[in-house]
Amino acid sequence: MMALASSAHAHEVGYSPGQTIRDTLSDGTVGPEMVVLPAGRFLMGSPADEKGRDFTEGPQVEITLSRPFAVGKYELTWDEWEKCVAKRGCQDNSRRGYSATSSPDWSGDAGYGRGRRPVINVSWGDAEAYVTWLSAETGETYRLLSEAEWEYAARAGSTGRFGWGDAEPTCDAGQENTANFDGPNSVGFIAGCNGRRTEPVGFSAPNAFGLYDMHGNVREWTKDCFHVSLEGIPADGSPWVTDCARGGEGNVFRGGSFTGGVDQLRSASRQATIGREVNMGFRIARELD
């Protein structure tokens, strides 16, 4: 395991690693819970012998994040999303026909429920609209995580396949390796955890950074556009947004989902898409100074 760099800068700006912060919105309510992550170094990507590895996860690259930043404790929820919709900062995604298909699965909550469940059927542009709105509401700088930041947050110091190490994930709540994914349920059928639907955020145990559901529940947008390998990714952890139009694969999402298998849940797994999907949500980041 690579040692984390000093987190002294977090103290310099008045924040401590592990601290939870919430900013106040213009109506007096509070925004999403954010957890302060320390600056640090880690090896991004997967080794050639990792179980479930895809060639797009290499070559491994040492990433240095020189400044602490805050990350959403949970995936963004419907409650949080709907505040933005109500104030017309975000487009309403509840209407049938909101996306290119008329299927109700591709608009709104697809019947899974709202409240503290993660928002779904949001595009990369929708996620960008939300962080733009939240920044204006709070006077702070919110944004999507870079792909490197996301993997750093998911690993939380681990060099294994998952933030908890190499143990296979389980659908059973309350375990260190619990995740909402398309795997065996409590009676052994491959039908997805709890009938293949989103679960309220906090379904998993927190990782070593205090973040929940980094593996499973919904896929999470990152800022980066997709590149077919890690060769050339910025070593400082900043978003990789050069040559975005050349590949045309869309933006990167991470973390797997309730519709995905074990391989997609791994910390190094990286995929991309364009548009809205029933298993697609996001997590946000906040600058600390």
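Up top is the structure.
Residues numbered from 1 in each chain as written. Predicted model: local features only at pLDDT ≥ 70, side-chain atom pairs only at ≥ 80, totals over all residues. Heavy atoms only, no water.

Description of the overall build of the protein
Helix and strand content of the protein: 6 helices and 11 strands. Per-residue burial for the protein yields a buried fraction of 53% across its 289 residues. Within the protein, residue pairs in contact and separated by at least 24 positions form 69% of the contacts whose partners lie at least 6 positions apart. Split by element, the accessible area of the protein, about 11700 Å² in all, is 49% carbon and sulfur. (Helix = DSSP H or I, 4+ residues; strand = E, 2+ residues; numbered from the N terminus. Buried < 20%, exposed > 50% of the residue type's maximum accessible area, 1.4 Å probe, protein only. Contact = heavy atoms within 4.5 Å. Areas by Shrake-Rupley, 256 points an atom, 1.4 Å probe, with all protein chains shown as cover.)

Notes on the pattern of salt bridges
Under the criterion given, the structure shown has 25 salt bridges. Glu140 is paired through a salt bridge with Arg286; the nearest N and O atoms lie 3.3 Å apart. Of the two residues, Glu140 is situated in the loop between α3 (124–138) and β6 (142–144) and Arg286 in strand β11 (residues 284–286); the sequence distance between them amounts to 146 residues. Ionic pairing is found between Arg283 and Glu220, a salt bridge with its closest N-O pair at 2.8 Å. Note that Arg283 is positioned in the loop between β10 (280–282) and β11 and Glu220 in strand β7 (residues 219–225), a separation of 63 residues in sequence. Each member of the pair, Arg283 together with Glu220, is buried. The structure contains a network of salt bridges with shared partners spanning Glu147, Glu151, Arg155, Arg254 and Arg270. (Salt bridge = Lys/Arg side-chain N within 4 Å of Asp/Glu carboxyl O.)

Points about the nonpolar core
Membership of the largest hydrophobic core comes to 32 residues, with the highest contact counts inside it found for Trp81, Val119, Ile120, Tyr130, Leu134, Phe282 and Ile284. Those elements that place two or more of their residues in this core are β2 (34–37), α2 (78–86), α3, β6 and β10. Among the elements that line this core, the one with the most residues is α3, at 5 residues. When residues no more than four places from it in sequence are discounted, the contact partners of Ile284 are Pro32, Met34, Ala70, Val71, Gly72, Tyr130, Val131, Leu134, Tyr142, Arg143 and Leu145. (Core = buried A, V, L, I, M, F, W, Y, C linked by side-chain atoms within 4.5 Å.)

What to know about the sheet that holds β6
Strand pairs in the sheet, formed through backbone hydrogen bonds, run parallel or antiparallel to each other. Read across the sheet, 5 strands follow the order β1-β2-β5-β11-β6 without closing on themselves; strand pairing throughout is antiparallel. Strands at the two margins of the open sheet, each flanked by one partner only, are β1 (20–21) and β6. The pairing of strand β5 (residues 69–72) with β11 spans 2 bridges and is antiparallel. Across the sheet, residue Ala70 finds its bridge partner in β11, namely Arg286. Most of the contacts of α3 go to β6, to which it runs at about 165 degrees, and overall it touches β6 and β11. (Pairing = 2+ DSSP bridges. Axes fitted to C-alpha atoms, helices over the stretch in contact; angles between N-to-C directions.)

Considering α3
One turn of an α-helix holds 3.6 residues; hence residues three or four places apart share an orientation. The terminal C-alpha atoms of α3, which comprises 15 residues, lie 21 Å apart, in line with the 21 Å expected from a rise of 1.5 Å per residue. By the burial criterion, the buried members of α3 are Asp126, Ala127, Glu128, Tyr130, Val131, Trp133, Leu134, Ser135, Glu137 and Thr138. Buried-residue contacts for α3 involve α2, β6, β7, β10 and β11. Structurally, the start of α3 carries an N-cap: the backbone nitrogen of Gly125 is 3.3 Å from a side-chain oxygen of Ser123. In the stretch just after α3, Gly139 is the one whose phi turns positive, near 80 degrees. (Expected span 1.5 Å × (residues − 1). Polar contact = N/O pair within 3.5 Å; in protein donor to acceptor, adjacent residues only side chain to side chain.)

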